[in-house]
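Residue-level structural notes
Here is what each chain is made of, one letter per residue.
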Amino acid sequence: MGEEAVHFSVVDANDCKQSAFEVGDKTYVICRSDDDLKTSAVKIHDKLTQTWVSPTILGEQPLLTKSQSVIPVSDEKILVIEKGVPLNESIWFLEIDTPFVKQQRKIKETEVVSWSKGVIGVGQKPVVISGPSGVGKGTLIAKLMKDYPSKFGFSVSHTTRSPREKEIDGVHYHFTERLKIDKDISEGKFLEFAHVHGNVYGTSIEAVESVTDEGKRCILDIDVQGARSVRASSLEAIFIFVCPPSFEELEKRLRARGTETEEQIQKRLRNAQAELDQSNEPGLFDHLLVNDDLETCYENLKKLLSLDDDQEDSDDFFNKEDKETASYSIVSKTDSEILLQSETNEGKNGAIHLLALDLSSLSGGAPGRTRGLKIGSVNSFLTRAYIGVLDDPKHSSK
Ligand SMILES: Nc1ncnc2c1ncn2[C@@H]1O[C@H](COP(=O)(O)OP(=O)(O)OP(=O)(O)O)[C@@H](O)[C@H]1O
Ligand SMILES: Nc1nc2c(ncn2[C@@H]2O[C@H](COP(=O)(O)O)[C@@H](O)[C@H]2O)c(=O)[nH]1
């Protein structure tokens, strides 16, 4: 997208500040919804057909403050900074043409946009654990949770299957009805879902995000179809397949668990063969673990997780004061950086307080959060150099 194709302005209407911006042949207008004055409504004007459309809005919605600062960061998404709230609560992306939005547009056969909250810093990648029923995934994950309760969090799936004895709703699964899960899936609330052994199972966006928001590494226990869907999604994860030492041992474990009827055991064993066949598919799983002796397998799992060279959380890019300071507005944009100016906080000698928001390592995105934002203070030399930019009305959103 050429820089010159982008214009944005703020229009006052009935005390409601609307942010309008053009991307290609379309003008996007963000305003308050009529039903709930705090949430957003988005309207799209198509210059070619001269028509207005109210798109379906997906994703977690920002609580609108009195005004926003808005700039398209690519022809796929628009950065919206809500003013008057701490910086770490204020950064949002309105996705207008990302792969997720394109996919949802096709499914819903209507115009779609989606919100995605911006999160500063990078969390550790979630871990997807797959493998045939009865191989011991749940046993391994339970050990990990017990030994490292503050490091890992379990993504609690939804399922239409009935609870087993001792299974607790909201802890082992969110037990749900078919109509309810179908509705939630159609509303884009699920990262993935699959029909497994005659029931629907799915991972909600919230299940993963709530673990990551607690600063923990998220563990997903899902079948191979689910792993495939997560691979194709915007969630960057590591994928582990757990194999049994033999098919006979798998059958023995499944029977010994005593939670399924004979008919269900037969169904799970048939599906197990298909899952084992897919475990070597190139690009699907990053690691295979054989669960023969439980303790050995657990040690291997631990090694594998600590060997992972994910980036550390980069929260110390900016200081606490910056994070909590309310009201920043967008000043200018380069290919990978957005310059923000504090509206509430003047630096030493009345200098303008500027921050650089680095977008070069974004990850995730709708239907989940957009992670990997980095924020750094702009040094005084650069500050002086940018003062000229501040005076240029083309770069101001106010
Ligand atoms: N290494 C092992 N050796 C022997 N038994 C094991 C081992 N690992 C797990 N088990 C036992 O096998 C049974 C199945 O394990 P578990 O329920 O953890 O499997 P799972 O892969 O989570 O199954 P599902 O996908 O159906 O939830 C349990 O009774 C468990 O105690
Ligand atoms: N695709 C998904 N598969 C899931 C999810 N949660 C669990 N599972 C898989 O289902 C089977 C059966 O589980 P059980 O508890 O009935 O024995 C197992 O292989 C799980 O990995 C999910 O959210 N999505």
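Residues numbered from 1 in each chain as written. Chains lettered and ligands numbered in written order. Predicted model: local features only at pLDDT ≥ 70, side-chain atom pairs only at ≥ 80, totals over all residues. Heavy atoms only, no water.

**Focus: the overall build of the chain**
When helices and strands are counted, the chain shows 11 helices and 24 strands. The buried share of the chain, reckoned over its 398 residues, is 49%. Taking the contacts inside the chain whose residues are at least 6 apart along the sequence as the reference set, 56% of them involve residues at least 24 apart. With the model as given, the accessible surface of the chain reaches about 19,700 Å², and the carbon-plus-sulfur share is 50%. (Helix = DSSP H or I, 4+ residues; strand = E, 2+ residues; numbered from the N terminus. Buried < 20%, exposed > 50% of the residue type's maximum accessible area, 1.4 Å probe, protein only. Contact = heavy atoms within 4.5 Å. Areas by Shrake-Rupley, 256 points an atom, 1.4 Å probe, with all protein chains shown as cover.)

**Re unusual backbone geometry**
Following Ala366, the chain continues to Pro367 via a peptide bond in cis, the omega torsion being 10°. Tracing the chain through its elements places Pro367 in the loop between strand E23 (363-364) and strand E24 (370-377). One non-glycine residue, Glu109, lies in positive phi territory at about 50°. Within the element layout of this structure, Glu109 appears in the loop between helix H2 (99-108) and strand E10 (112-120). Since its relative accessible area comes to 73%, Glu109 is described here as exposed. If you check the backbone angles, Lys166 has positive phi at about 75° while not being a glycine. Its location among the elements puts Lys166 in the loop between strand E13 (158-159) and strand E14 (174-175).

**Observations regarding the environment of Leu359**
Turning to its location among the elements, Leu359 is positioned in the loop between strand E22 (352-358) and E23. Accessibility expressed as a relative area gives 12% for Leu359, which makes it buried. As for Leu359 and Ser336, which are separated by 23 residues in sequence, their C-alpha atoms are 5.2 Å apart. Discounting residues that sit within four places of it in the chain, Leu359 has contacts with Val73, Phe93, Ser336, Ile338 and Leu373.

**Re the UniProt feature "domain: Guanylate kinase-like" (unreviewed entry) in the chain**
Here, UniProt's "domain: Guanylate kinase-like" (unreviewed entry) annotation points to residues 124-306. Between the first and last C-alpha atoms of residues 124-306 the distance is 11 Å; the span itself is 43% helix and 21% strand. (UniProt positions renumbered as here; feature names shortened; annotations may be inferred.)

**Considerations on the site of ligand 1**
The local shell around ligand 1 holds 14 residues, among which Ser133, Lys137, Gly138, Thr139 and Arg257 are the closest. In the complex, the protein chains occlude 73% of the 640 Å² of accessible area that ligand 1 would expose alone. Mapping ligand 1 onto the cavity grids shows that it belongs to the largest pocket. Of all elements in the fold, only helix H3 (137-147) and helix H7 (247-257) reach the threshold of two or more residues within the shell around ligand 1. Classifying every residue of the shell around ligand 1 gives three nonpolar, six polar and five charged. (Near = heavy atom within 4 Å. 1 Å grid on protein atoms, 1.4 Å probe; cavity = no way out; pocket = protein on both sides within 12 Å on 5 of 7 lines; lining within 4 Å. Sits in = over half its atoms within 2 Å of the grid points. Nonpolar A, V, L, I, M, F, W, Y, C, P; charged D, E, K, R; others polar.)

**As for the packing of aromatic side chains**
Summed over the entire model, instances satisfying the criterion amount to six aromatic pairs. Taken together, a centroid distance of 6.5 Å and an interplanar angle of 90° make the contact between Trp92 and Trp115 edge-to-face. Taken together, the residues span a long stretch of sequence, with Trp92 in strand E9 (residues 91-95) and Trp115 in strand E10 at a distance of 23 residues. Accessibility assignment for this pair places Trp92 and Trp115 in one class, buried. An aromatic cluster is present here, built from Tyr173, Phe175 and Tyr201 joined pairwise through their rings. Across the ring face of Phe152, the terminal group of Lys151 is positioned such that the distance to the ring centre comes to 5.7 Å. (Phe/Tyr/Trp six-rings, centres within 6.5 Å; stacked < 30°, edge-to-face > 60°. Lys NZ or Arg CZ within 6 Å of the ring centre and 35° of its normal.)

**Thoughts on the site of ligand 2**
Among the 18 residues in the neighbourhood of ligand 2, the closest are listed as Ser157, Arg161, Tyr173, Tyr201 and Asp221. In this structure, Tyr173 approaches ligand 2 through a side-chain N or O atom, which is 2.5 Å from an oxygen atom. Here an oxygen atom of ligand 2 and a backbone polar atom of Gly202 are 3.1 Å apart. Protein burial of ligand 2: of its 510 Å² of free accessible surface, 96% is covered by the chains. Using a 2 Å cut-off from the grid points, one finds that ligand 2 occupies the largest pocket. Listing elements by their share of the shell around ligand 2, those giving two or more residues are strand E15 (190-196) and strand E16 (199-204). By residue class, the composition of the shell around ligand 2 is five nonpolar, five polar and eight charged. (Polar contact = N/O pair within 3.5 Å; in protein donor to acceptor, adjacent residues only side chain to side chain.)

**Topic: the pairing of strand E4 (residues 40-46)**
Where burial is concerned, most of E4 is hidden: six out of the seven residues are buried. Sheet analysis places strand E3 (residues 26-32) next to E4, joined by seven bridges and oriented antiparallel. What sits directly across from Lys26, in E4, is Asp46. As paired elements, E4 and strand E5 (residues 51-53) share three bridges and run antiparallel to each other. Bridge pairing in E5 places Ile44 opposite Val53. Between the end of E4 and the start of E5, which pair antiparallel, lie four residues, with Gln50 showing a positive phi angle near 55°. (Pairing = 2+ DSSP bridges.)

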